[in-house]
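Chain and residue survey
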Amino acid sequence: MAFEILRQELGFEKNNKPGDFDIIIIPYSENEIFFNRTCAIEVKIVRPLRKNPKKAPNSYGITQVEGLIKDGFPLVDLIHICMPEPLNENEKTTVKLHLTPFNLDEPVNNIDFFKDTLDVKFDHFSQFSAENQMKKLISKDIPKYVGINTIGVNLQMDGSLITWFNHDFNNGYSSGYFNPYKKNETVKMIENFFKKTPNNFKKVDK
């Protein structure tokens, strides 16, 4: 994976969009790097407010996605990350936290699963925002071969993150498929860039 790579670094025209590539993912195996399956991802941050819960981003990223398609990347994806304003305590939803793990191997041993619970306050704003944002993206004129994803993020008091993936919608829209305008010269440019500047890439094991 590489992040925020200027388009001219790969050899593209400087003045076209997107100006940089937010995320570039090149899949690999033990024996081969699959440059012909490279995915370029446009990322947008959405910051909904309690007074404006359905706030739209400054840009949906569609122009940038169209640019990625024209650039000829094999796979193209658009991700909206929703980072809403925290809810007040009285606005949060009360949910039951199960203190006893569910025993999948011996279901008959789960007698106390629904009894051993604790009521906790849950900030559902990020989950709502991710679902709302996906509905907006689905309504846009985005080619079906472009993968679209929305993610809701909660920032905890200790600085840690809780991430909510929008499973209800993402299953049908997140995958996408190969860009019909893929260019072999783009694949070669990616390969050359990787070989010349391997330090720009971070190895990620699934």
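Scroll up for the structure.
Quick look at the structure, then.

What counts, and where the lines are drawn
- Residues numbered from 1 in each chain as written.
- Predicted model: local features only at pLDDT ≥ 70, side-chain atom pairs only at ≥ 80, totals over all residues.
- Heavy atoms only, no water.
- Helix = DSSP H or I, 4+ residues; strand = E, 2+ residues; numbered from the N terminus.
- Buried < 20%, exposed > 50% of the residue type's maximum accessible area, 1.4 Å probe, protein only.
- Contact = heavy atoms within 4.5 Å.
- Areas by Shrake-Rupley, 256 points an atom, 1.4 Å probe, with all protein chains shown as cover.
- Core = buried A, V, L, I, M, F, W, Y, C linked by side-chain atoms within 4.5 Å.
- Expected span 1.5 Å × (residues − 1).
- Phe/Tyr/Trp six-rings, centres within 6.5 Å; stacked < 30°, edge-to-face > 60°.
- Lys NZ or Arg CZ within 6 Å of the ring centre and 35° of its normal.
- Salt bridge = Lys/Arg side-chain N within 4 Å of Asp/Glu carboxyl O.
- Pairing = 2+ DSSP bridges.
- Right-handed = clockwise from strand over helix to strand, strands pointing away.

Further remarks concern the overall build of the protein chain. Secondary structure assignment for the protein chain yields five helices and eight strands. Considering the protein chain as a whole, with its 206 residues, one finds that 37% of them fall into the buried category. Nonlocal contacts in the protein chain, meaning residues at least 24 apart in sequence, comprise 63% of its contacts between residues at least 6 apart. A total accessible area of about 13100 Å² is found for the protein chain, and carbon and sulfur atoms account for 52% of it.

Attention now moves to the nonpolar core. By size, the foremost hydrophobic cluster in this structure holds 27 residues, and its most contacted members are Leu10, Phe21, Ile24, Phe73, Val76, Val146 and Ile148. Looking at this core, the elements that each hand over two or more residues are strand E1 (2-6), strand E2 (20-25), helix H2 (62-71), strand E4 (75-82), helix H3 (125-139) and helix H5 (184-196). No other element matches H5, which puts four residues into this core. Not counting residues within four places of it along the chain, the set of residues in contact with leucine 10 comprises Ile5, Phe21, Ile24, Phe73, Met189, Ile190 and Phe193. Core analysis: the next-biggest nonpolar cluster, separate from the first, contains seven residues, Ile23, Cys39, Ile151 and Val153 among them.

Attention shifts here to H3. Taking 1.5 Å of rise per residue, 15 residues should cover 21 Å, and H3 covers 21 Å from first to last C-alpha, within 8% of that figure. Those residues of H3 that sit buried are Phe125, Ser126, Ser129, Ala130, Asn132, Gln133, Met134, Lys136 and Leu137.

Considering all chains together, one arrives at eight aromatic pairs under this definition. An aromatic cluster is present here, built from Phe35, Phe193, Phe194 and Phe201 joined pairwise through their rings. In this structure, arginine 37 packs its charged tip against the face of phenylalanine 34, placed 5.1 Å from the ring centre. Across from the ring centre of tyrosine 60, 4.4 Å away, lies the NZ or CZ of lysine 140, which sits over that ring.

Turning our eyes to something else, we now look at the pattern of salt bridges. Per the counting criterion, the structure on display carries seven salt bridges. The partner of arginine 50 in a salt bridge is glutamate 85, and the shortest N-O contact between them spans 3.5 Å. Of this pair, arginine 50 sits in the loop between strand E3 (39-46) and H2 while glutamate 85 sits in the loop between E4 and strand E5 (93-98); the two residues are 35 residues apart in sequence, bridging distant segments of the chain. Exposure remark for arginine 50: the relative accessible area of 31% places this residue in the partly exposed category. Under the relative-accessibility criterion, glutamate 85 is labelled partly exposed at 29%.

Attention shifts here to the pairing of E3. Most of E3 is tucked away: six of the eight residues are buried. For E2 and E3, the ladder comprises three bridges, and the chain directions are antiparallel. Opposite isoleucine 24, over in E3, you have alanine 40 as the bridge partner. Inspection of the sheet shows E3 paired to E4 by eight bridges, in the parallel sense. Within the sheet, the bridge partner assigned to lysine 44 lies in E4 and is histidine 80. With H2 bridging E3 and its parallel neighbour E4, the resulting β-α-β unit is right-handed.

Attention now goes to the environment of valine 146. Position of valine 146 relative to the elements: it lies in the loop between H3 and strand E7 (147-155). With relative accessibility at 3%, the residue valine 146 sits in the buried group. Counting along the chain gives 32 residues from valine 146 to phenylalanine 178, while the straight-line C-alpha distance between them is 8.2 Å. Not counting the four nearest positions on each side in its chain, valine 146 is found in contact with Val65, Ile69, Val76, Asp77, Leu78, Tyr173 and Gly176.

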